[in-house]
Amino acid sequence: MIKKSPDNTSQVYDICITGGGLAGLSLAIQCNRAGYSTLLIEKEKYPFHRVCGEYISLESWNFLEELGVPLSDMQLPHITELLVTSPNGNAIRQTLPLGGFGISRYALDHQLSQIAMKEQVLLEEGTKVTDIEFRENLFVITTTKGIFRSKVAAGCFGKRSNLDLRWKRPFSKTKTNKLNNYLAVKYHVLISSRPHEIALHNFKNGYCGISEIEDGKNCLCYLTSGTNLALHGFDIRKMEEKVLMRNPFLKKIFSDATFLYDNPLTISQISFDRKSQVENHVLLIGDAAGMITPLCGNGMSMALHGSKIAFSEISSFLNGLIDRYELETQYAQQWESAFSQRLRTGRLLQSFFGSPLLTNMMVYALKPLPKVMSLLIRQTHGAPF
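What you see is a predicted model, and the numbers here were worked out from it, not measured in a lab.

A. Region of the structure containing helix H12 (residues 370–379). Those residues of H12 not exposed but buried are Met373, Ser374 and Ile377. Take H12 and look down its axis: the buried residues cluster within an arc of 100°, on one side only. In H12, the exposed positions angled more than 90 degrees off the buried face are occupied by Lys371 and Arg378.

B. Molecular detail of the pattern of salt bridges. Inspection of the entire model under this criterion finds 18 salt bridges. A salt bridge links glutamate 119 to arginine 33; its shortest N-O distance comes to 2.8 Å. Of this pair, glutamate 119 sits in the loop between helix H3 (105–118) and strand E6 (122–124) while arginine 33 sits in helix H1 (residues 22–33), and the two are 86 residues apart along the sequence. A salt bridge links glutamate 279 to arginine 169, with the nearest nitrogen and oxygen atoms 3.7 Å apart. One end of the pair, glutamate 279, is in strand E16 (residues 278–279); the other, arginine 169, is in the loop between helix H4 (162–166) and helix H5 (170–173), and 110 residues separate them in sequence. Note on accessibility: glutamate 279 and arginine 169 belong to one class, buried.

C. Molecular detail of the confidence of the model for the chain. Averaged over all residues, the pLDDT of the chain equals 89, while 94% of them reach at least 70. Taken together, the stretch residues 1–8 has pLDDT below 50 and engages in 12 contacts with residues farther than four places along the chain or on a different chain.

D. Structural view of the state of the cysteines. Inspection of every chain in the model, using the stated rule, returns 0 disulfides. Cysteine 156 forms no disulfide, and the closest cysteine sulfur to it belongs to cysteine 31, at a distance of 9.6 Å.

Reading guide: rules and limits
- Counting of residues starts from 1 at the beginning of each chain's written sequence and follows it residue by residue.
- Per-residue local features are limited, in this predicted model, to residues with pLDDT of at least 70; the limit for side-chain atom pairs, both in listing and counting, is 80 or more; totals at the level of whole chains, interfaces and linings are taken over all residues.
- Heavy atoms from the whole structure form the basis of all side-chain values; hydrogens and water molecules are not counted.
- Three exposure classes are used, based on accessible area relative to the maximum for each residue type with a 1.4 Å probe and protein chains only: buried under 20%, partly exposed in between, and exposed over 50%.
- Helix and strand assignments come from DSSP, with helices taken as H or I runs of at least 4 residues and strands as E runs of at least 2, each series counted from the N terminus.
- Arc definition: it is the arc formed by the directions from the helix axis to the C-beta atoms.
- Here, a salt bridge means any Lys or Arg side-chain nitrogen found within 4 Å of an Asp or Glu carboxyl oxygen.
- Confidence of the prediction at every residue is given by pLDDT, a number between 0 and 100.
- Should any heavy atoms of two residues lie within 4.5 Å, those residues are considered in contact.
- Cysteine sulfurs are considered disulfide-paired once they come within 2.5 Å of each other.

What follows is the structure in structure tokens.
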């Protein structure tokens, strides 16, 4: 039974969460189970697709099962090997130190939303948050369905939001540069592939990841610069033909695959610039707090782990063990401790990819050095949490 919104908007919730992706859903379930009145606001209606590479490192497996997702019963592909190719077709394979599994966001978010509803989290779907203000030690959340109030507010609204612009977050005002002008494109495809492999195929000004998810499907998701698209008349198909398919691996994939979407899912103006973890006293979690480059394949685990870090601090605050200043500073410090090294490594690796010359050189140089490549992979992954 889903709780309905009360007519009396003067009710004060313990926590209001904006954004029902992995971070928002997992935080809502944790808070509700601990007995805190929890409001989760999502602008879409479940289930729905998201632009996202759909590989999750095994560091998140136990946490997701603790939340109630029956991963062990879902016959998901376990991914143990990485394939990296350069634009000229040079390739290198490497065993993943920890490994991961494949599952679509459509399936995973739906599972988590069903758990949240079953446990009677107050879930407002199809509702857009237009502002969050901090007044007299409470948050006032303005939405398309009215105004809500809470003691704690968490922002789990993804890569780019109207709230980022409204709050004038520094990264949203930065002039176009090599870290903030990206376009992501995602398909689900049917193709003959190695089920235990995640592949990273590079092309000029971008890279494409492909790995198996549930039901024998593959997620194909690539990132490229906005400039790359503009140079091809903002025609995605033309760009794929003229740029991506110059990599022989990608040419075979795009030629042989059965595409399951009529049109791809896209998102633009993606930024990998540094972000704050707290804004206007709102705790930011997942991509809202900072994005790891998709070539590292670990953004979903960071979102899930971030929710666990946030929950611990929120619980201490709501129980009166710490004040708001300590809540904000301790959350930011723990977030930095857990993820800052991953982000730095991701930005470093990204500087080599997208350039045909540098990518070709890097793949060639790493081929005889599997231990070095394994070390780089470890720098973008964490331990089970």
